[in-house]
Amino acid sequence: MQASRARLFKEYKEVQREKSADPDIQLVCDDSNIFKWTALIKGPSETPYEGGVFQLAFSIPEQYPLLPPQVRFLTKIFHPNVHFKTGEICLDILKNAWSPAWTLQSVCRAIIALMAHPEPDSPLNCDSGNLLRSGDIRGYQSMARMYTRLAAIPKKG
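The model shown is predicted, which means the values in this text are computed figures rather than measured ones. (Residues numbered from 1 in each chain as written. Predicted model: local features only at pLDDT ≥ 70, side-chain atom pairs only at ≥ 80, totals over all residues. Heavy atoms only, no water.)

### Regarding the layout of surface pockets
Definition in use: As defined here, a cavity is a set of points on a 1 Å grid over the protein atoms alone where a 1.4 Å probe fits but cannot get out. A pocket is an open set with protein on both sides within 12 Å along at least five of seven lines, and residues line them when an atom is within 4 Å of a point. Grid points are joined across faces, edges and corners, and a volume is the space filled by probe spheres set on the points. In this text, helices come from DSSP runs of H or I with a minimum length of four residues, and strands from runs of E with a minimum of two, each type numbered from the N-terminal end. For this classification, Asp, Glu, Lys and Arg are treated as charged, while Ala, Val, Leu, Ile, Met, Phe, Trp, Tyr, Cys and Pro are nonpolar and the rest, including Gly, are polar.
Put simply, the largest pocket is a space of about 280 Å³. Lining of the largest pocket is provided by 14 residues; of these, Glu-11, Glu-14, Val-15, Glu-18 and Gln-105 occupy positions nearest its centre. Mapped onto the lining of the largest pocket, the elements with two or more residues apiece are helix H1 (2–17), strand E1 (25–30) and helix H2 (104–116). If one sorts the elements of the lining of the largest pocket by residue count, H1 sits on top with five residues. Across the lining of the largest pocket, the residue classes break down as four nonpolar, three polar and seven charged. Approximately 230 Å³ is the volume found for the second largest pocket.

### Observations regarding the UniProt feature "domain: UBC core" (unreviewed entry) in the chain
Spelled out, the test is: UniProt positions are given in the numbering used here, feature names are shortened, and annotations may be inferred rather than shown by experiment.
Look at the UniProt record and you will see "domain: UBC core" (unreviewed entry) annotated at residues 3–153. A helix fraction of 34% and a strand fraction of 18% characterise residues 3–153, whose end C-alpha atoms lie 38 Å from each other.

If you want it as structure tokens, here you go:
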């Protein structure tokens, strides 16, 4: 538990120091619990998620960094590797390919990369995965764009 706290404090200091270094990711630690974090990530350019801001919730186990954080989308997203209702993310580094070398910041980077390069062969969202697997890129992109507009684009005014 002490080791995980120390590691999270180190990551927290790093995030504070490099706030402007990565404009696509805004990581925030819960004021009262260092094992709870949220992140705002920007949808990657030239994808149906461009212009969207997506909120992630991190729940960090006491054995971190030996075990991966649990991460899920709080913002609705139409993506083959994200469960539409729960926001669960299917990403190998959050499961069997985890390494203590990963940080919360690098996990966010990997999720942004997954948004740009979906893996339709291991879908949590079958509708989205089926569109891509059947070659209906246009259908997938229009659905993903629609949900990005509805859920992830900040309202003006």
